[in-house]
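Breakdown of the fold
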Amino acid sequence: MDTEEGVEVVWNEVQFSDKKVFKSHEDRMKEMFENLMQVEHPNIVKFHKYWLDSRESRARVIFITEYMSSGSLKQFLKKTKKNHKTMNVKAWKRWCTQILSAMSYLHSCDPPIVHGNLTCDTIFIQHNGLIKIGSVWHRLFVNVFPEAIHGNVHQHRDVQRNQHFFAPEYGHSEDDYSIDIYSFGICALEMAVLEIQANGDNAVSKEAVTYAGESLEDPLMREFIQSCVHADPKMRPTAHDLLFHRVLFEVHSLKLLAAHCFINNQYLLPENCVEEKTKSFDPNGIMAEIDHIDRPGVQLKYSHVSPLELDKFLEDVKNGIYPLMNFASKRHAMPRALSLSQEHMEPVKTPSPEPQETETRKVVQMQCNLEANEEGNICHLSLFLKMDDKLHRQLSCDVLPTDMPRELASELVQHAFICEEDCEKLAGFLEEALGKHWDGSSASTSVTAVVQ
């Protein structure tokens, strides 16, 4: 239990057998974990903190990760099979989409991050259906520090029951994203059939995998999985391509954008507004119509949209089941220490960052609230900006007495949160608010200004 945050977390500990080796790797470990802290995706288990400990005779690295309350996907599939249930196709699609979303994110980092350890044991599921990929750190330790680690970190490939998750070329050539796609294909197959029958020695044979794939009734699902486990790595699709496969891609992009916009601005809307709004519609009213010259047109009525389904979809979007980043092809810049093994750790030039987009909308109203911590040496700033197009922006950060209002405002311009012309106005506004707060007259300060 994390007593600071009041949440359950996972304590991970890796011991080094040689303290001198630990010391020699110390800087690289710090760099690696700082990079891992930057991995941010709703379908990847979050890294919270890490520290190195070399007191007395022991040498170890400790890192704290997010706790997944409902256990691994493997455990869930076993329970499902035990209850003589079959896998729901809709759930299978949602799970595949989330796993691919995480894979697409990792592979689109620059340079790409290859997980290299994807099995149903390293995928976790929450009670609300949210899937998260864990063990992203495992391959980094195995590849970068193989000679230094005490024998507690094993390759999952060495565990017989997991051998079938690894591509035939695994370990014989340089890792690339295709090994993750193969592993994902086996995970997708196991999710569909609940369990791939193993031989008496717990190892799953190639024949068992082939038989399980051929047993799938849906030809699209079968073709989808077969493309992932193709013997030739070059013939396997990317995670991004798989997200657009016909068997998965169902959510219209405009619907998805609207849902994310709605969730991001929900604090501005009354409770149950979806339910209240849909009540006022005539069920037979036509909300959209498509005309065809050569055949009858199509009419979409309000009765075709179920408010319950809409609420469920919004809840799924809120829970991270349909992240917008699924459908982005943008590359995420990541330091090379995250993705390279020991023999490939040569100095490289950092690529120049792409130019940041600029904000063109003007701020018409500013409101801020400042709350001091218990010691009073830090305050939490919540900034609410009303833009000239009637949309809003809400930002927050911790502020020290040494922070300059002008620098804070310039940073908001740099990150395209406000336009250049509003920089001076916001700096003046923050200076007034922070001045009142640091005077110590109250534990919290609230200031509102209408910009002329």
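For the structure itself, consult the block above.
Overview of the packing of helix H3 (residues 89-107) against helix H7 (residues 219-228)
- At their nearest, the axes of H3 and H7 sit 13 Å apart, and the two run at 25° to each other. Taken together, the axes of H3 and H7 lie roughly parallel to each other. You can see that H3 and H7 cross each other, and the crossing is left-handed. Residues Val89, Trp92, Cys96 and Leu100 of H3 touch H7, and the partners they reach there are Met221, Phe224 and Ile225.
- Here the residues of the contact of H3 with H7 are counted per class, giving 7 nonpolar, no polar and no charged.

Notes on the nonpolar core
- Trp92, Ile99, Phe184, Met191 and Phe224 are the most contacted members of the largest nonpolar core, which has 68 residues in total.
- Ignoring sequence-local partners within four residues, the contact set of Phe224 consists of Trp92, Cys96, Leu100, Phe184, Leu242, His245, Val247 and Leu248.
- Counting 23 residues, the second largest nonpolar core, distinct from the first, contains Met387, Leu395, Ala427 and Leu434.

Looking at unusual backbone geometry
- With a phi close to 75°, Leu194 is a non-glycine residue in the positive phi region.
- Along the chain, the position of Leu194 falls in the loop between helix H5 (177-193) and helix H6 (206-214).

Considerations on H3
- With 19 residues, H3 ought to run about 27 Å at 1.5 Å a step, and its terminal C-alpha atoms sit 26 Å apart, in line with that.
- By the criterion of burial, H3 is predominantly enclosed, with 17 of the 19 residues buried.
- N-cap assignment for H3: the residue whose side-chain oxygen lies 2.8 Å from the backbone N of Lys90 is Asn88.

Observations regarding a nonpolar patch on the surface
- Together, Met287, Ile290, Val298, Leu300 and Val305 make up a nonpolar patch on the protein surface, roughly 370 Å² of accessible area in all.
- Among the elements of the structure, strand E7 (286-290) and strand E8 (298-301) are those that each provide at least two residues to the nonpolar patch.
- Mapped onto the secondary structure, Met287 falls in strand E7.

Quick look at empty space enclosed by the protein
- Considering all chains together, one arrives at 3 cavities of 30 Å³ or more under this definition.
- Considering only enclosed or pocket space, the second largest cavity measures out at about 40 Å³ in volume.
- Broken down by class, the residue content of the lining of the second largest cavity amounts to 6 nonpolar, no polar and 1 charged.

Comments concerning the state of the cysteines
- According to the stated counting rule, one finds 0 disulfides in the structure shown.
- Of the cysteine sulfurs around Cys228, a residue in no disulfide, the closest is that of Cys96, at 8.3 Å.
- For Cys228, a relative accessible area of 0% corresponds to the buried category.
- Of all cysteine sulfurs, the one in Cys419 lies closest to Cys423, which takes part in no disulfide; the gap is 9.4 Å.

Considering helix H9 (residues 253-264)
- Taking 1.5 Å of rise per residue, the 12 residues of H9 would be expected to cover 16 Å, and the 16 Å separating its terminal C-alpha atoms lies within 8% of that figure.
- Along H9, the residues that are buried comprise Leu256, Ala259, His260 and Ile263. Seen from one end, H9 has its buried residues packed into an arc of 95°, which puts them on one side.
- Those residues of H9 hidden inside the fold are in contact with helix H11 (307-318).

What counts, and where the lines are drawn
- Residues numbered from 1 in each chain as written.
- Predicted model: local features only at pLDDT ≥ 70, side-chain atom pairs only at ≥ 80, totals over all residues.
- Heavy atoms only, no water.
- Axes fitted to C-alpha atoms, helices over the stretch in contact; angles between N-to-C directions.
- Helix = DSSP H or I, 4+ residues; strand = E, 2+ residues; numbered from the N terminus.
- Parallel < 35°, antiparallel > 145°, perpendicular 65-115°, else oblique.
- Left-handed = near helix turned anticlockwise from the far one by under 90°.
- Contact = heavy atoms within 4.5 Å.
- Nonpolar A, V, L, I, M, F, W, Y, C, P; charged D, E, K, R; others polar.
- Core = buried A, V, L, I, M, F, W, Y, C linked by side-chain atoms within 4.5 Å.
- Buried < 20%, exposed > 50% of the residue type's maximum accessible area, 1.4 Å probe, protein only.
- Expected span 1.5 Å × (residues − 1).
- Polar contact = N/O pair within 3.5 Å; in protein donor to acceptor, adjacent residues only side chain to side chain.
- Patch = residues over 30% accessible without salt bridge, like charges linked within 9 Å, V, L, I, M, F, W, Y side chains within 5 Å.
- Areas by Shrake-Rupley, 256 points an atom, 1.4 Å probe, with all protein chains shown as cover.
- Salt bridge = Lys/Arg side-chain N within 4 Å of Asp/Glu carboxyl O.
- 1 Å grid on protein atoms, 1.4 Å probe; cavity = no way out; pocket = protein on both sides within 12 Å on 5 of 7 lines; lining within 4 Å.
- Points joined across faces, edges and corners; volume = space filled by probe spheres on them.
- Disulfide = S-S within 2.5 Å.
- Arc of directions from axis to C-beta.

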